[in-house]
Amino acid sequence: MKNLELQKHANDVRKGIITSVHSAKAGHPGGSLSAADVFTFLYFEEMNIDPANPEMDERDRLVLSKGHAAPGLYAALAHRGFFPVEDLTTLRKLGSYLQGHPCLGIPGVDMATGSLGQGISAACGMAVGAKLQKKDYRVYTILGDGEIEEGQVWEAAMFAGFRKLDNLCVIVDNNDLQIDGSIGEVCSPYPIDEKFKAFNFHVINADAHDFDSLRAAFKEARETKGMPTCIVVHSLKGKGVSFMENVADWHGKAPGDEDFAVAMADLDRIEKELAKKEGEA
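Every value quoted in this text rests on a predicted model; they were computed, and no experiment measured them.

Attention now moves to the sheet that holds strand E1 (residues 61-64). Within a sheet, adjacent strands bond to each other through the backbone by hydrogen bonds, running parallel or antiparallel. Sheet architecture is open: five strands sit in the order E1-E2-E3-E7-E6, paired in parallel fashion. Where the open sheet ends on each side, the last strands, each with one partner, are E1 and strand E6 (202-207). Each adjacent strand pair in this sheet contributes to an overall mean axis angle of 20°, direction not counted. By the bridge criterion, six bridges tie strand E3 (residues 168-174) to strand E7 (residues 229-234) in an arrangement that is parallel. By the bridge assignment for E7, Asp-173 is matched with Val-233. Strands in contact with helix H5 (residues 119-132) are E1, strand E2 (139-144) and E3; relative to E2, the strand with the most contacts, it is inclined by about 170°.

Moving on, we get to the packing of helix H3 (residues 36-46) against helix H4 (residues 70-80). Relative orientation of the contacting elements H3 and H4 amounts to 30°, with a least axis distance of 10 Å. If you check the angle between H3 and H4, you find them roughly parallel. H4 is crossed by H3, and the crossing has right-handed handedness. Along its contact with H3, which presents Phe-39, Tyr-43 and Phe-44, the element H4 presents Gly-72, Leu-73, Ala-76, Leu-77, His-79 and Arg-80. Residues of the contact of H3 with H4, tallied by class, amount to six nonpolar, two polar and one charged.

Looking now at unusual backbone geometry. Cis geometry is found at the peptide bond from Tyr-190 to Pro-191, where omega equals -5°. Tracing the backbone through its elements, the reader meets Pro-191 in the loop between helix H7 (183-187) and helix H8 (192-198). One non-glycine residue, Lys-164, lies in positive phi territory at about 55°. One can find Lys-164 in the loop between helix H6 (151-162) and E3. Residue Asn-246 is not a glycine yet carries a positive backbone phi of 60°. Assignment of secondary structure puts Asn-246 in the loop between E7 and helix H10 (257-280).

Once that is clear, we can look at the environment of Arg-222. Looking at the secondary structure, you find Arg-222 in helix H9 (residues 211-223). Accessibility expressed as a relative area gives 35% for Arg-222, which makes it partly exposed. Measuring from C-alpha to C-alpha, the distance between Arg-222 and Asn-48 comes to 12 Å, with 174 residues separating the pair along the chain. Aside from chain neighbours lying at most four places away, what touches Arg-222 is Glu-46 and Arg-138.

In the contact formed by helix H1 (residues 3-24) and H9, the axes pass within 10 Å of each other and the chain directions differ by 100°. As summarised for this structure, H1 and H9 are arranged roughly perpendicular, according to the angle between their axes. Every residue of H9 that contacts H1 at Asn-3, Leu-6, Gln-7 and Ala-10 is listed here: Phe-211, Asp-212 and Arg-215. Taken together, the residues that form the contact of H1 with H9 break down as three nonpolar, two polar and two charged.

Let's shift gears to empty space enclosed by the protein. Under the defined criterion, the tally for this structure stands at two cavities of 30 Å³ or more. The space that makes up the largest cavity amounts to roughly 70 Å³. In this structure, the largest cavity is lined by Tyr-43, Met-47, Ile-49, Asp-50, Asn-53, Pro-54, Arg-59, Asp-60, Leu-62, Phe-82, Gly-108 and Asp-110. Of the residues assigned to the lining of the largest cavity, the class counts are six nonpolar, two polar and four charged.

Residue placement: Ala-69 occurs in the loop between E1 and H4. Taking C-alpha positions, Ala-69 is 6.1 Å from His-28, a pair spaced 41 residues apart along the chain.

With that out of the way, let us pick up the side chain of Lys-15. Note on placement: Lys-15 falls in helix H1. With a relative accessible area of 15%, Lys-15 lands in the buried category. Within the local environment of Lys-15, its side chain forms a polar contact with the side chain of Glu-271, the two groups lying 2.6 Å apart.

The rules we used
- Per chain, the residues get numbers from 1 upward, laid out in the order the sequence is written.
- Where local features are concerned, this predicted model is filtered to residues with pLDDT of at least 70; where side-chain atom pairs are given and counted, the filter is 80 or more; whole-chain, interface and lining totals use all residues.
- Side-chain descriptors were evaluated using all non-hydrogen atoms of the structure, hydrogens and water having been removed beforehand.
- Strands pair, by our definition, only if DSSP identifies at least two bridges between them.
- Strands here mean DSSP runs of E at least two residues long; helices mean DSSP runs of H or I at least four residues long; both are numbered from the N terminus.
- Only the stretch in contact is used when a helix axis is fitted, and all axes are lines through C-alpha atoms; the angle between N-to-C directions ranges over 0 to 180 degrees.
- Note on contacts: a residue pair is in contact if any heavy atoms of the two residues lie within 4.5 Å.
- Oblique is the label for every angle not falling under 35 degrees (roughly parallel), over 145 degrees (roughly antiparallel), or within 65 to 115 degrees (roughly perpendicular).
- Each crossing gets its hand from how the near helix is turned against the far one by less than a right angle, where anticlockwise is left-handed and clockwise is right-handed.
- Classes in brief: Ala, Val, Leu, Ile, Met, Phe, Trp, Tyr, Cys and Pro nonpolar; Asp, Glu, Lys and Arg charged; the others, Gly included, polar.
- Partly exposed residues are those whose accessible area sits between 20% and 50% of the maximum for their type, while under 20% is buried and over 50% is exposed, using a 1.4 Å probe and protein chains only.
- A cavity here means a set of 1 Å grid points, computed over protein atoms only, where a 1.4 Å probe fits but cannot escape. A pocket is an open set with protein on both sides within 12 Å along at least 5 of 7 lines, and lining residues have an atom within 4 Å of a point.
- Grid points are joined across faces, edges and corners, and a volume is the space filled by probe spheres set on the points.
- The definition of a polar contact used here is a pair of N or O atoms within 3.5 Å, where within protein one atom must be able to donate a hydrogen and the other to accept one, and adjacent residues in sequence count solely through side-chain atom pairs.

Next comes the structure, spelled out in structure tokens:
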């Protein structure tokens, strides 16, 4: 898929994030926005999936270990055709199937997550299962850089490295901010790449907002044999929304009506710029 088309999808995903969190009056926009391009690349280019057959046996799996970024996952799934885009406005509403963290039963969701640190363990289990059943599907899991302060992450990493799970791709969304501020000030996990290398991972650093960089990283991950891969994607929290970018306060706060209008205006501006580029191509 061409990068411009991916950029348009990513902008739609960001609009879905802002719309759903505003409608819910709760949620986590900052880390959803920082991972929007990764969600887009995975669901629109990288993963072997079929929205018409979400339970396809040979499908690639994704575990959103940082489950609070569910608005980003839901927006990507909706725009990929797993369920109606209109349903995004039901986020966190009573009776809605789109709750604040991913739940099984949502089309396209492979694992219920929310308790930080546990998703990567589930992803390891899926990867081992594929090996035992001699299946070719790949397992992807997205972690937050604050989340990797959890000890269970490193137990799972030790297991994955020891078991040589080369069908597992761990993605760390390194936006450098968690709910209390900079991860370097709260409980520094740096250097992230060297830590995963110590657990026998092949490690790649990539730009979370550059589709050429993401494409090269995921290609390298697929071609790596005999060890799992960790892609550290360097991102900007709140990417695409002017007043949310690199502001920890937007980790878990919904925009009010005025902020919503500004955010959507920012994303409408990006949409027009992309349409202009498409017309000039």
